[in-house]
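Take a look at the letters that make up each chain.
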Amino acid sequence: MVNNKISVTSDNIFPIIKKFLYSDQEVFLRELVSNAVDAVTKLKTLIKLENLYDIIDDFKIKIIIDQNRKTLHIRDNGIGMTQEEVDKYINQIAFSGAEEFINKYQNTTKKNSNIIGHFGLGFYSSFMVSDKVMILTQSYQKDASSISWSCEGNPNFIMKEIEKIDRGTEVILFLNEENQEFIEYERILKLLQKYCKFMSVTISLSKKEDKEKEIVINNVDPAWKKNPHQLNNKNYLDFYYELYPHQLEDPLFWVHLNIDHPFHLTGILYFPKIEKRIDIQKDKIHLYQNQVYITDNLEGVVPDFLSLLRGVIDSPDIPLNVSRSHLQSDSSVKNISKYITRKVSNQLYTMFQKNRDDFQKKWTDIKIIVEYGMISTQSFFDKAIEFFIFYTVDQYYFTLEEYKNKIKQTQKNKEGKIVFLYSSDQDQQYSSIKEAKDRSYEILILDSPLSVHLIQKLESSYQDICFVRVDSDHIDKLIDSNTKKEEVHSELSEKEKQDLKDIIQHYLIDNYKLSIQLEDLSKKDNPFLIIIPEFLRRIKEMNSTIIEKSTVEKDKYYQLIVNTNHGLMKKILKEVSEEKRKKIIQEALNLTLLSKDLLRGKNLTNFISKRFKDLVQE
């Protein structure tokens, strides 16, 4: 028997490990099972390298709950340890056996070995939840003794030889009172499914009291580790529901990632149906390292716009902090992010080229992801502009260049820029759309929450185009038509115009602070038109949280266009009865506000009540 002290620089190392090494206690299980996977992987490697073909075994890791003794057992039949190795790898904190193993066999093993360990600290996470930890181990070397090691969470340990046991290592946790949850079957099952679902060695869970109910936890050969040529659509869909069992809809399509140089990365990214939502998803992309779950917070690794996707990324080259809890940003992370962006954009372009009809059917569901990427990532914008498609109110689809060529002769403004008329709401802007269509203009639908930002990006990238919402002014003011129009003259004198403006301002409905603009329009046009000029509306949309503060702040963006040539204007000027004049103006204003969904509150209630009274009197 050996009584000794672990090689540490301070007796306070255990409190530090318990409090600061891991942000979440539950990861102890991931670390211990990862070590067990390492042990099996090392032995499999040695069997090949040293021709140890007399070792024939069904390699497996067993997690056993003993509720009577309040212990949790992690048992593997891997490489095991000699007494010297226990002293070296357990008693000297932060000495990584996995790292030494790879260095020793670096000329005969692949660079991207599946051996997980790196820092040599994972085992000590067990002390976060245990009063005592015991190791029972037998090396694969047949002449080696079986060793028992135990420690109660301080620098003192006991190590001794014991009777021969089966090859491998068993870690036994004597759980403390605060962490009795970890002998609950459902709790351990949930953790194994979270962290160990795709580890490369078969893992089973059972209760010591009921070994017949032993279940296998993991899929040792997940789809992302396979060659894409080995997989069909069903394989990809089956794996999607294995990742996200509560999803109800199939993904639209997927991108299989597989690169070996200059870094190693595999994975599958799925495009779910997003439509117009940009919300916090419960089901996110999972980051794995050699099939060990690390996190679903992939900030830096996956561009922000692709965080709306689902799936898996697995790379041994993504740097993690010492507890494998958080990513550490460096040049390799940036290169991985660029690769993922390029791979996704290439896949989308290929889909667009190969089957445009199918791509257009999916467009509504993926458009917001593409828009987000174009706004936030220049390299993605440069590629996406080739497959980004606009669609019109008549449901025709165009790329940017196709659409420019279609309208460049008929839709230009006074500055000579091609005018992209658009609608954000076909129902609300119906009358304006009809006026534009009556003049044979094309109108796009831009109705996503990112449309205003994408418009800004496109206008800054292409100096010969501009976007104008179809209701931002009278249609004849938005487009400088080449056709000779009937010249419109005002039927009112300048004095009459000023009188008219003063009268309307005086009788403007309470609580509506609209600015008034007089225009000489056609007699066929409505007497009043309410607009928000394009530049003001963009400010409104970009700062919507500020604008929603009050009704007054909403109204300040609207302009009331008064058609001086409409017959109603002369009637207003000629009317001598103050009561009748007020009634005419407010009735016309109410109808105009109602058409724009701007009649609200008290004014809406009064208007409806009055109309009902009028019906009764009729």
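What you see is a predicted model; the values in this text were computed from it and never measured.

### Digging into the overall build of the protein chain
Part 1 of the argument: A tally of helices and strands in the protein chain yields 20 helices and 22 strands.
Part 2 of the argument: By residue count, 51% of the 618 residues in the protein chain fall in the buried class.
Part 3 of the argument: Look at the contacts in the protein chain between residues 6 or more apart in sequence, and 70% of them connect residues 24 or more apart.
Part 4 of the argument: Of the roughly 31300 Å² that the protein chain leaves accessible, carbon and sulfur atoms contribute 47%.

### Here's the deal with the pairing of strand 4 (residues 130-138)
Part 1 of the argument: Strand 4 sits mainly inside the fold: 7 of its 9 residues count as buried.
Part 2 of the argument: Note that strand 4 and strand 7 (residues 168-175) share 8 bridges and pair antiparallel. In the strand pairing of strand 7, leucine 136 is matched with glutamate 170.
Part 3 of the argument: Examined bridge by bridge, strand 4 and strand 5 (residues 146-151) share 5 bridges and lie antiparallel to one another. Within strand 5, the residue paired with isoleucine 135 across the bridge is tryptophan 149.

### Comments concerning the packing of helix 14 (residues 494-507) against helix 19 (residues 578-595)
Any two packed helices are characterised by how steeply their axes cross, that is the angle between the axes, and by the distance between the axes.
Part 1 of the argument: The interhelical angle for the contact between helix 14 and helix 19, taken along N-to-C directions, is 80 degrees, at an axis separation of 10 Å. Judged by the angle between their axes, helix 14 and helix 19 are roughly perpendicular. Between helix 14, through Ile503, Ile504 and Tyr507, and helix 19, the contact on the second element is made entirely by Glu578, Arg581, Lys582, Ile585, Gln586 and Leu589.
Part 2 of the argument: Residues that form the contact of helix 14 with helix 19 fall into these classes: 5 nonpolar, 1 polar and 3 charged.

### Remarks on the side chain of glutamine 247
Part 1 of the argument: In this fold, glutamine 247 is placed in the loop between helix 6 (233-243) and strand 10 (253-259).
Part 2 of the argument: What glutamine 247 contacts, discounting residues up to four positions off in sequence, is Tyr240, Tyr241, Asp283 and Arg310.

### Considering the sheet that holds strand 22 (residues 559-563)
Part 1 of the argument: Pairing in this open sheet of 3 strands is mixed, and the strands run 20-22-21 from one edge to the other. Two strands bound the open sheet, and with one partner strand each, they are strand 20 (515-519) and strand 21 (528-531). Across the sheet, the mean angle separating the axes of adjacent strands is 25 degrees when strand polarity is ignored.
Part 2 of the argument: Sheet topology places strand 20 next to strand 22; 5 bridges connect them, and they run parallel. Among the inter-strand pairings, leucine 518 is bridged to a residue of strand 22, identified as valine 562.
Part 3 of the argument: Contacting strand 20, strand 21 and strand 22, helix 14 crosses the sheet at an angle of about 150 degrees to strand 20.

### Some remarks on a nonpolar patch on the surface
Part 1 of the argument: Judged by side-chain polarity, Ile608, Phe612 and Leu615 come together as a nonpolar surface patch covering roughly 310 Å² of accessible area.
Part 2 of the argument: Its place among the elements puts leucine 615 in helix 20 (residues 601-617).
Part 3 of the argument: We classify leucine 615 as exposed; its relative accessible area is 53%.

### What about the sheet that holds strand 14 (residues 310-314)?
Part 1 of the argument: Strand order in the open sheet made by the 5 strands is 10-11-14-12-13, with mixed pairing throughout. The sheet terminates laterally at strand 10 and strand 13 (292-295), the two strands that pair on one side only. Across the sheet, the mean angle from the axis of one strand to that of its neighbour is 20 degrees, orientation sign disregarded.
Part 2 of the argument: Bridge count between strand 12 (residues 285-289) and strand 13: 3 bridges; the pairing is antiparallel.

### Thoughts on the environment of leucine 589
Part 1 of the argument: With respect to the helices and strands, the residue leucine 589 is situated in helix 19.
Part 2 of the argument: Given a relative accessible area of 1%, leucine 589 falls into the buried group.
Part 3 of the argument: Placed 61 residues apart in sequence, leucine 589 and phenylalanine 528 show a C-alpha to C-alpha distance of 7.1 Å.

### Quick look at the packing of aromatic side chains
Part 1 of the argument: Tallied over the full model, the rule gives 34 aromatic pairs.
Part 2 of the argument: Ring geometry for tyrosine 240 against tyrosine 270: centres 4.8 Å apart, planes inclined by 55 degrees, an arrangement best described as tilted. Placement of tyrosine 240 in helix 6 and of tyrosine 270 in strand 11 (residues 265-271) is noted, with a sequence separation of 30 residues between them. Each member of the pair tyrosine 240 and tyrosine 270 is classed as buried.
Part 3 of the argument: Relative to phenylalanine 388, the ring of tryptophan 363 lies with its centre 5.1 Å away and its plane at 80 degrees, an arrangement referred to as edge-to-face. One end of the pair, tryptophan 363, is in helix 8 (residues 356-376); the other, phenylalanine 388, is in the loop between helix 9 (378-384) and strand 15 (390-391), and 25 residues separate them in sequence.
Part 4 of the argument: Taken together, the aromatic side chains of Phe305, Phe352, Phe359, Trp363, Phe380, Phe387, Phe388, Phe390, Phe398, Tyr403, Phe420 and Phe467 make up a single cluster linked through ring pairs.
Part 5 of the argument: Lysine 383 extends its terminal NZ or CZ atom over the ring of tyrosine 349, reaching a point 4.3 Å from the ring centre.
Part 6 of the argument: One residue, lysine 457, lies across the ring of phenylalanine 381, its end atom 5.1 Å from the ring centre.

### Some points on helix 2 (residues 27-49)
Part 1 of the argument: When the terminal C-alpha atoms of helix 2 are compared, their 33 Å separation across 23 residues agrees well with the 33 Å that a helix rising 1.5 Å per residue should span.
Part 2 of the argument: Once helix 2 finishes, asparagine 51 follows within two positions and takes phi at roughly 55 degrees, a positive value.

### What about helix 8?
Part 1 of the argument: Across its 21 residues, helix 8 extends only 25 Å between first and last C-alpha, which sits more than 12% below the 30 Å expected from 1.5 Å per residue.
Part 2 of the argument: When the local axis directions of helix 8 are compared, the greatest deviation, roughly 70 degrees, occurs at threonine 364.

### As for the environment of lysine 284
Part 1 of the argument: Locating lysine 284 in the fold gives a position in the loop between strand 11 and strand 12.
Part 2 of the argument: Discounting chain neighbours no more than four positions away, the residues touching lysine 284 are Tyr244, Asp296, Leu309 and Gly311.

### Topic: the packing of helix 7 (residues 331-354) against helix 8
Part 1 of the argument: Direction vectors running N to C along helix 7 and helix 8 enclose 150 degrees, while the axes themselves pass 8 Å from each other. As judged from the angle between their axes, helix 7 and helix 8 are roughly antiparallel. Every pair of crossing elements has a handedness; the one defined by helix 7 and helix 8 is left-handed. Here Leu348, Met351, Phe352 and Lys354 of helix 7 come into contact with helix 8, specifically with Arg356, Phe359, Lys362, Ile366 and Val370.
Part 2 of the argument: In terms of residue class, the contact of helix 7 with helix 8 is made up of 6 nonpolar, no polar and 3 charged.

### Some details on unusual backbone geometry
Only a minority of non-glycine residues have a phi that is not negative, and only a minority of peptide bonds are not trans.
Part 1 of the argument: At asparagine 290, a residue that is not glycine, the phi angle is positive and equals roughly 55 degrees.
Part 2 of the argument: Taking the relative accessible area as the measure of exposure, asparagine 290 reaches 9% and is therefore buried.
Part 3 of the argument: Positive phi values are uncommon outside glycine, yet glutamine 395 reaches one of about 65 degrees.
Part 4 of the argument: Within the secondary structure, glutamine 395 is located in the loop between strand 15 and strand 16 (397-398).
Part 5 of the argument: Residue class for glutamine 395 comes out partly exposed when judged on its relative accessible area of 44%.

Definitions and cut-offs
- Residues numbered from 1 in each chain as written.
- Predicted model: local features only at pLDDT ≥ 70, side-chain atom pairs only at ≥ 80, totals over all residues.
- Heavy atoms only, no water.
- Helix = DSSP H or I, 4+ residues; strand = E, 2+ residues; numbered from the N terminus.
- Buried < 20%, exposed > 50% of the residue type's maximum accessible area, 1.4 Å probe, protein only.
- Contact = heavy atoms within 4.5 Å.
- Areas by Shrake-Rupley, 256 points an atom, 1.4 Å probe, with all protein chains shown as cover.
- Pairing = 2+ DSSP bridges.
- Axes fitted to C-alpha atoms, helices over the stretch in contact; angles between N-to-C directions.
- Parallel < 35°, antiparallel > 145°, perpendicular 65-115°, else oblique.
- Nonpolar A, V, L, I, M, F, W, Y, C, P; charged D, E, K, R; others polar.
- Patch = residues over 30% accessible without salt bridge, like charges linked within 9 Å, V, L, I, M, F, W, Y side chains within 5 Å.
- Salt bridge = Lys/Arg side-chain N within 4 Å of Asp/Glu carboxyl O.
- Phe/Tyr/Trp six-rings, centres within 6.5 Å; stacked < 30°, edge-to-face > 60°.
- Lys NZ or Arg CZ within 6 Å of the ring centre and 35° of its normal.
- Expected span 1.5 Å × (residues − 1).
- Bend = angle between axes of the 7 residues up to and from the residue.
- Left-handed = near helix turned anticlockwise from the far one by under 90°.

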